[in-house]
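# Observations on chain architecture
Single-letter residue listing:
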Amino acid sequence: MDVRIWTYIIVGLTFALYIGIAIWSRAGSTKEFYVAGGGVSPLANGLATAADWMSAASFISMAGLISFMGYDGTVYLMGWTGGYVLLALLLAPYLRKFGKFTVPDFIGDRYYSNVARTVAVICALLVSFTYVAGQMRGVGVVFSRFLEVDINTGVIIGMVIVLFYAVLGGMKGITYTQVAQYCVLIFAFMVPAIMISFNMTGAIIPQIGMGSTLSDGSGVYLLDKLDGLSRELGFAEYTQGTKSKIDLFAITLALMVGTAGLPHVIVRFFTVKRVKDARMSAGLALFFIAILYTTAPAISVFARTNLIETVSNRDYASVPKWFKNWETTGLLAFDDKNNDGKIQYVADPEVNELKIDNDIMVLANPEIAQLPNWVIALLAAGGLAAALSTAAGLLLVISASVSHDLLKKMILPNISEKGELIAARVSATLAVCVAGYFGINPPGFVAAVVALAFGLAAASFFPAIILGIFYKKMNKEGAVAGMIVGTLLMLFYMIKFKLGWLGAAPSPASEWWFGISPEGFGSVAMLANFIVSLVISAFTPDPPEDVQQIVEEIRLPSGAGEATH
Amino acid sequence: MKTPDKTTAQRYWKENLTYLAILLVIWFLVSYGAGILFADALNNFRLGGFKLGFWFAQQGSIYVFVLLIFVYIFLMNRLDRKYGYDE
């Protein structure tokens, strides 16, 4: 059967499943809307957290990115998994014990101040909006490549689906659709990986195939072969990389800490019953995430080797069909600079004739490896599941920030339960529209903006939450000053080195502070936040006795009770 | 809810902090240590087709992360029982 028909069938079936779940799990109260009623099992929460976390970028772009970065791609692999250790050990159990609905709830109550709450709301909105725009774009891209509709139509279809289950079901609907989406996306990711691993190395498990010998009878290890090919073409050895140690260190740290500080991830731990369940769901979540994250680097190695062997020095006239298919999308471009009719794919930009977009490595991988059509269609469903699940989680954070943190906690404290639920649904709807707008008219700096989201989460929330739990004497003056300094410093560095002031060109990499790239600067901004918070709090009054009492209590796991307003 | 007994609570918290410190040191050593700072030195050793530093960076550290959380869950559940905070 044709790829397109397969795609319509598989994507159609998964969408029907999501909508069915949404209708079955409608939210009837604010508690169901914000935290799914607080009774989600650790297994379901682990699955949902994994889907929530793994975005279009993890699914579509990451393996491709790593296949061009080689060892340097480590920053994403460790950075986007190691944060769960921090989350499980330092944040999730205590925030669950605290028992509120949102991250600004914790900041506002722990620092007994609406200023702190407002700063936290602004940070949560900033982080979530920057992140969600990328997801809606991802939905559009998948639609346009596999179903040959226009990207904008794709974004709108995605909006309607998310709108349906996020607005109707709130956190409850999102949780159970995310469970289904995890299953779809991991199946879609693993099937081609296993097939390619088996074809290339004879090992069924890609994580093992990556370190095995090639099955062409040469007895050469796959990674040695790739190192050799890279050297021949003038690239750095695949297993070596080119980034400086300090930059690798800083980027990994910023991504880890940013992961632990992302509100849409943290809020998932409010949905379970007991502190014990919060710990367990963090462990399960990382386990489910690790399945994809240890497979991705294997795909990178398979894809890069396949690509080089297929195209390097080949007559352009004899390239396989997939090459022409992807050329029409503009993601692959061949420019015969020396007019010899052959494809020169080398490191030297003067001589190199092939331009390849990162995303191709996952999306075209099944075609390059000549897998059946249904596998290609499965990939489309998986990419959509990854993008939609993350978008929904982010939209919920945005809607809760508006209806709960701003409206209920500050502007209209007497609003009825029913009124708040309506407000939550209205703000979710508005958020979907704004996200859709950014999906259709993406700001030119989407990639920069995602790095910014992590930097901001690291520089704003992480220190405030950690100090709030582990340092009883941390007061509102310190925390607010720390969050403001951390956030502004991060914004400043990002604008100076990545975006440029008002259209001016960004400053060159040679001027980076300590040789740290904007992607890694979140670590520095986080340190600044910690230092400012500690210094200011040393010179200002201790927090009131009842707040210190709260800190004592969140440290003990029993009697977590139910999440309340 | 149970009224927190000062000294029991303090001892529980202290043991918890010890666990955290040990687990986080391991977390740091496998990721930033083996995966980044000492990766070049470890690359002189091999694990099948992998150079060891590269394996830690792209595979091993992630396995250890998962393991660390489950060890933490085990230790904390035991600690909760010991101090009567389990439910």
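Residues numbered from 1 in each chain as written. Chains lettered and ligands numbered in written order. Predicted model: local features only at pLDDT ≥ 70, side-chain atom pairs only at ≥ 80, totals over all residues. Heavy atoms only, no water.

### As for the overall build of chain A
Per the secondary structure count, chain A includes 22 helices and 2 strands. By the compact-globule yardstick of 24 Å for 565 residues, chain A fits well, its C-alpha radius of gyration being 24 Å. Considering only C-alpha atoms, chain A reaches an extent of 75 × 55 × 45 Å along its principal axes. Out of the 565 residues belonging to chain A, those deemed buried represent 62%. For chain A, contacts bridging at least 24 residues in sequence account for 80% of all contacts bridging at least 6. Total accessible area computed for chain A in this model is approximately 19000 Å², and 65% of it derives from carbon and sulfur atoms. One finds the centroid of the 37 positive side-chain charges in chain A at a distance of 10 Å from the centroid of its 39 negative side-chain charges. (Helix = DSSP H or I, 4+ residues; strand = E, 2+ residues; numbered from the N terminus. Rg over C-alpha atoms; globule rule 2.2 N^0.38 Å. Buried < 20%, exposed > 50% of the residue type's maximum accessible area, 1.4 Å probe, protein only. Contact = heavy atoms within 4.5 Å. Areas by Shrake-Rupley, 256 points an atom, 1.4 Å probe, with all protein chains shown as cover. Lys, Arg positive; Asp, Glu negative; His and termini not counted. Charge placed at Lys NZ, Arg CZ, Asp CG, Glu CD.)

### Regarding empty space enclosed by the protein
All names here are of chain A. In this structure the tally under the stated criterion is 5 cavities of 30 Å³ or more. Tyr34, Phe101, Thr102, Val103, Pro104, Pro263, Val267, Leu396, Val397, Ala400, Ser401 and Asp405 are the residues that line the largest cavity. The dominant element in the lining of the largest cavity, judged by the number of residues it contributes, is helix H17 (residues 373–411), at 5 residues. For the lining of the largest cavity, the per-class residue count stands at 9 nonpolar, 2 polar and 1 charged. Considered as a void within the structure, the second largest cavity measures approximately 60 Å³ in volume. What lines the second largest cavity is simply Phe189, Pro192, Ala193, Ile196, Ile299, Val362, Asn365, Pro366 and Leu379. Looking at the lining of the second largest cavity, the elements that each hand over two or more residues are helix H8 (151–201) and helix H16 (365–368). Top element by residues in the lining of the second largest cavity is H8. It accounts for 4 residues. A per-class count over the lining of the second largest cavity returns 8 nonpolar, 1 polar and no charged. (1 Å grid on protein atoms, 1.4 Å probe; cavity = no way out; pocket = protein on both sides within 12 Å on 5 of 7 lines; lining within 4 Å. Points joined across faces, edges and corners; volume = space filled by probe spheres on them. Nonpolar A, V, L, I, M, F, W, Y, C, P; charged D, E, K, R; others polar.)

### Remarks on the domain arrangement of chain A
Residues and elements named next belong to chain A. One can read the domain layout of chain A as domain 1 (3–314 + 365–554) and domain 2 (316–357). Between the C-alpha centres of domain 1 and domain 2 the distance comes to 33 Å. Overall, the association of domain 1 and domain 2 removes approximately 1600 Å² of surface from exposure, summing both partners, and the carbon and sulfur fraction of that is 65%. Applying the counting rule to domain 1 against domain 2 returns 6 residue pairs in polar contact (both at pLDDT 80 or more). Of all the secondary-structure elements, those providing two or more residues to the side of domain 1 that touches domain 2 are helix H13 (275–311) and H16. Per-element tally for the side of domain 1 that touches domain 2: the top contributor is H13, with 5 residues. Class assignment for the residues of the side of domain 1 that touches domain 2 results in 7 nonpolar, 4 polar and 4 charged. (Domains from an automatic or database assignment. Buried area = accessible area lost by both parts, 1.4 Å probe. Polar contact = N/O pair within 3.5 Å; in protein donor to acceptor, adjacent residues only side chain to side chain.)

### Considering the nonpolar core
Residues and elements named next belong to chain A. Judged by nonpolar contacts, the single largest core of 230 residues is most densely connected at Trp53, Leu91, Ile107, Tyr293 and Ile465. For this core, the element with the highest residue contribution is H8, accounting for 21 residues. Two domains each provide a minimum of three residues to this core, namely domain 1 (3–314 + 365–554) and domain 2 (316–357). Once you skip the residues sitting within four places of it in the chain, Leu91 turns out to touch Leu86, Ala260, Phe462, Ile465, Ile466 and Ile469. (Core = buried A, V, L, I, M, F, W, Y, C linked by side-chain atoms within 4.5 Å.)

### So, the packing of aromatic side chains
The tally for this structure, following the rule as stated, stands at 35 aromatic pairs over all chains. Consider the rings of Tyr94 of chain A and Trp13 of chain B, whose centres lie 5.7 Å apart with planes at 75°: the pair is edge-to-face. Taken together, the residues span two chains, with Tyr94 of chain A in helix H5 (residues 74–98) and Trp13 of chain B in helix H1 (residues 6–37). By the burial criterion, Tyr94 of chain A is buried, and Trp13 of chain B matches it. Taken together, the aromatic side chains of Trp53, Tyr76, Trp80, Tyr84, Tyr131 and Phe454 of chain A make up a single cluster linked through ring pairs. Positioned above the aromatic ring of Phe235 of chain A is the side chain of Arg304 of chain A, whose terminal nitrogen or guanidinium carbon lies 4.8 Å from the ring centre. (Phe/Tyr/Trp six-rings, centres within 6.5 Å; stacked < 30°, edge-to-face > 60°. Lys NZ or Arg CZ within 6 Å of the ring centre and 35° of its normal.)

### Quick look at the packing of H17 of chain A against helix H18 (residues 417–440) of chain A
All names here are of chain A. Axis separation between H17 and H18 bottoms out at 8 Å; the angle between their running directions is 135°. With respect to each other, H17 and H18 are oriented oblique. Remark: the crossing between H17 and H18 carries right-handed chirality. Counting all contacts with H17, which are made through Leu395, Ile398, Ser399, Val402, Ser403, His404, Leu407 and Lys408, the residues of H18 involved are Glu420, Ala423, Ala424, Ser427, Ala428, Ala431, Val432 and Ala435. Across the contact of H17 with H18, the residue classes break down as 10 nonpolar, 4 polar and 2 charged. (Axes fitted to C-alpha atoms, helices over the stretch in contact; angles between N-to-C directions. Parallel < 35°, antiparallel > 145°, perpendicular 65-115°, else oblique. Left-handed = near helix turned anticlockwise from the far one by under 90°.)

### A word on the interface of chain B and chain A
Taken together, the contacts link 45 residues of chain B with 59 residues of chain A. In total, chain B and chain A occlude about 4600 Å² of area from one another, counting both sides; carbon and sulfur atoms represent 69% of this. If you sort the residues of chain B by the area they bury against chain A, Trp13, Gln58 and Glu87 of chain B come out on top, with a joint share of 14%. The interface formed by chain B and chain A holds 5 salt bridges in total. Between Arg46 of chain B and Asp224 of chain A there is a salt bridge; the shortest N-O distance is 3.0 Å. On inspection of chain B and its partner chain A, the count reaches 15 residue pairs in polar contact (both at pLDDT 80 or more). Mapped by element, the contributors of at least two residues to the side of chain B that touches chain A are H1, helix H2 (39–42), strand S2 (50–51) and helix H3 (52–82) of chain B. The dominant element in the side of chain B that touches chain A, judged by the number of residues it contributes, is H3 of chain B, at 17 residues. Residue composition of the side of chain B that touches chain A, by class: 29 nonpolar, 10 polar and 6 charged. (Salt bridge = Lys/Arg side-chain N within 4 Å of Asp/Glu carboxyl O.)

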